[in-house]
Amino acid sequence: MTLPGQHDPHGADDAAGGTGGSVIAWAAWSSALIVALVLGGFAVWLVDTKVYTTEALGEQWWEAVQAGDGEVLLGQFTDVPEAAGESGEGEDPRLSSGSVDTLLLDGGTLEHSAEQIEDLRVVERSGAADLVFTVDGEEHRSRLPMDKTDESWGIFDQWALDPATLAEVSLSVPGASAGGIGQVDVNGEPVNLQEDAAELAAYAPSVLDVAVDSEWLTGSAHRVLALDPEDAGGSDGSDAEALSEEIEIELEASSAAAEQMHQKVKAYLSSCAEQKVLMPSGCPMGVETPNRVEASTIEWSMPKAQELTLSFGPDGWSVTGADRLTATVSFTAQDYYSGETIEESHDVTFGLDVEVGASGEDLLVSVTGG
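Counting restarts for each chain, with residues numbered from 1 along the sequence as it is written. Residue-level local features of this predicted model are given only where pLDDT is at least 70; pairs of side-chain atoms are given and counted only at 80 or more, and the full residue set underlies all totals for whole chains, interfaces and linings. Note: side-chain values were computed over all heavy atoms of the structure, leaving out hydrogens and water.

## Focus: the overall build of the chain
Then comes step 1: Secondary structure elements follow DSSP: runs of H or I of four or more residues count as helices, runs of E of two or more count as strands, with numbering from the N terminus. Within the chain, the regular secondary structure consists of five helices and 22 strands.
Then comes step 2: Contacts are assigned to residue pairs with any non-hydrogen atoms lying within 4.5 Å of each other. Considering only intrachain contacts with a sequence separation of at least 6, the fraction spanning at least 24 residues in the chain is 58%.
Then comes step 3: In short, Shrake-Rupley with a 1.4 Å probe defines the accessible areas, and a residue's cover is counted only from the protein chains shown. Accessible area of the chain: about 20200 Å², with a carbon and sulfur share of 48%.

## Side note on empty space enclosed by the protein
Then comes step 1: In the cavity and pocket records, a cavity denotes points on a 1 Å grid over the protein atoms alone where a 1.4 Å probe fits but cannot get out, a pocket denotes an open set with protein on both sides within 12 Å along at least 5 of 7 lines, and lining residues are residues with an atom within 4 Å of a point. Grid points are joined across faces, edges and corners, and a volume is the space filled by probe spheres set on the points. Counting across every chain of the model gives one cavity of 30 Å³ or more.
Then comes step 2: Roughly 30 Å³ of volume is contained in the largest cavity.
Then comes step 3: L104, T109, L110, S113, N187, A202, Y203, S206, V207 and L208 together form the lining of the largest cavity.
Then comes step 4: Within the residue set of the lining of the largest cavity, elements represented by two or more residues are α4 (108–116), β9 (197–203) and β10 (206–211).
Then comes step 5: For the lining of the largest cavity, the per-class residue count stands at six nonpolar, four polar and no charged. Residue type decides the class: Asp, Glu, Lys and Arg count as charged, Ala, Val, Leu, Ile, Met, Phe, Trp, Tyr, Cys and Pro as nonpolar, and the leftover types, Gly among them, as polar.

## So, the state of the cysteines
Then comes step 1: What counts as a disulfide here is a pair of cysteine sulfur atoms lying within 2.5 Å. Here the structure, examined in full by the defined rule, presents one disulfide.
Then comes step 2: Between the sulfur atoms of C272 and its disulfide mate C283 the distance is 1.9 Å. On the S-S bond that ties C272 to C283, the torsion sits near -95°, and the link is left-handed. With C272 in helix α5 (residues 255–273) and C283 in the loop between α5 and β15 (292–293), this pair connects stretches of sequence that are eleven residues apart. Assigned by exposure class, C272 and C283 land together as buried. A 1.4 Å probe rolled over the protein chains alone gives each residue an accessible area, and that area as a share of the maximum for its type sets the label: buried under 20%, exposed over 50%, partly exposed in between.

## Focus on unusual backbone geometry
Then comes step 1: Across the junction of A204 and P205, the peptide omega takes the value 10°, indicating a cis bond.
Then comes step 2: In this model, D119 sits at a positive phi of 55°, which is unusual for a non-glycine residue.
Then comes step 3: Tracing the chain through its elements places D119 in strand β2 (residues 118–125).
Then comes step 4: Among the residues examined, D119 registers a relative accessible area of 64% and is labelled exposed.

## Topic: the nonpolar core
Then comes step 1: Formed by 60 residues in total, the largest nonpolar core has its most connected members in L352 and V354.
Then comes step 2: Top element by residues in this core is α5. It accounts for six residues.
Then comes step 3: Setting aside residues up to four positions removed in sequence, L352 forms contacts with V265, Y268, L269, P284, A322, L325, V367, T368, G369 and G370.
Then comes step 4: We call a set of buried residues a nonpolar core when its members are Ala, Val, Leu, Ile, Met, Phe, Trp, Tyr or Cys and they connect through side-chain atoms within 4.5 Å of each other. Counting residues in each nonpolar core, the second largest holds 25 residues, with V65, F77, A114 and L144 among its members.

## A few points about the confidence of the model for the chain
Then comes step 1: pLDDT runs from 0 to 100 and stands for how confident the predictor is about each residue. Looking at the chain, the pLDDT average stands at 84 and 76% of residues meet or exceed 70.
Then comes step 2: Contacts for the low-pLDDT stretch residues 1–7, under 50 throughout, to residues beyond four places or in other chains number four contacts.
Then comes step 3: The low-confidence segment residues 87–97 (pLDDT under 50) makes 23 contacts with residues lying over four places distant or belonging to another chain.

## Digging into the environment of L193
Then comes step 1: Position of L193 among the secondary structure elements: in the loop between β8 (189–192) and β9.
Then comes step 2: L193 gets classed as buried once you look at its relative accessible area, which sits at 14%.
Then comes step 3: Spatially, the C-alpha atoms of L193 and A176 are 8.4 Å apart, while their sequence positions differ by 17 residues.

## Focus: the packing of aromatic side chains
Then comes step 1: The criterion for an aromatic pair is that two Phe, Tyr or Trp rings (for Trp, the six-membered ring) have centres within 6.5 Å, with stacked assigned to planes under 30 degrees apart, edge-to-face to planes over 60 apart and tilted to the rest. Within the structure shown, the criterion is met by three aromatic pairs.
Then comes step 2: Ring geometry for W61 and W62: centres 6.4 Å apart, planes at 25°, overall stacked. For the pair W61 and W62, one class covers both residues: buried.
Then comes step 3: Their ring planes at 75° and their centres at 5.0 Å tell us that F312 and W317 sit as a pair that is edge-to-face. Note on accessibility: F312 and W317 belong to one class, buried.

## Let's talk about the pattern of salt bridges
Then comes step 1: Here, a salt bridge means any side-chain nitrogen of Lys or Arg that lies within 4 Å of a carboxyl oxygen of Asp or Glu. In total, this model carries four salt bridges according to the counting rule given.
Then comes step 2: Between R125 and D130 there is a salt bridge whose closest N-O contact spans 3.1 Å.
Then comes step 3: According to the relative accessible area criterion, R125 is partly exposed, its value standing at 27%.
Then comes step 4: Given the relative accessible area of 6%, D130 is considered buried.

This is the structure we're talking about:
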């Protein structure tokens, strides 16, 4: 019991304890708030750097390319590029738009491209991302232009691919129709030609392998499409221009076509050589002599068919070496006046007219005297 005027040590301790507890509680609450703010800031930073960045979109783009998922890729654009067409729900995004073939934008052709690309890494830059990769051991760098479309929660930037990511490829095959070629193989799939050409849409970067699948003609191209980082618009990704690439396939006669031409020429020359006459019927070679000839002794030695070369150009098939050939004829003759036996031998120069053409899958070869 405390009398009036006396000091109560226990009461003072309770008051001090109450004040100290408030201070401790305030300090703990402040620390928790600071930790929460730090963690919240870290979370915002983590989300911003891992999800809402051009680098993140670049990584997503590459994953979709590797999977051959054209629907996901087209969904990453600000607007569906005109060349890619507008696919409705459930429609195949590979469907062509007008005269532009879109088969390179989805499926196996896209996966084929990804398989040629090695060691790809994404480098963030302002308003875009750079893709650094190697193809056949050679390093390439291609810009992936993007557009800022919105902000999420007023904090995070949202990005979408710029239509300039889609390259325009003009493929030409001079002389294709003359060679009976109506389509070419692009990344393992057939592409129809119109007037010896085709227009295709392709992502940049990508790898195109073009080949002519024909028994009689060969031709191929291996091309890496890359959007030059220095020529892709402003530093913020604006005004980026789509890559326009021209690929020309030079057709060449296959060894099978040359062999068939040689066989036809050889058969024609053999038919001439089999005739025991100095002027073989239907043949461009012949010789005259004032002496009496023993027909059974006539022997024709014809040039080798391999002296002729088959080639192919924009105007079609052509055969060189056929305009000036030499055959040798030898025989035993008797002089009309003296009766002397003479062994004669003559070199005879002649030409052949060799026409080569294609009808469907067949190679047509015509040989006549020139």
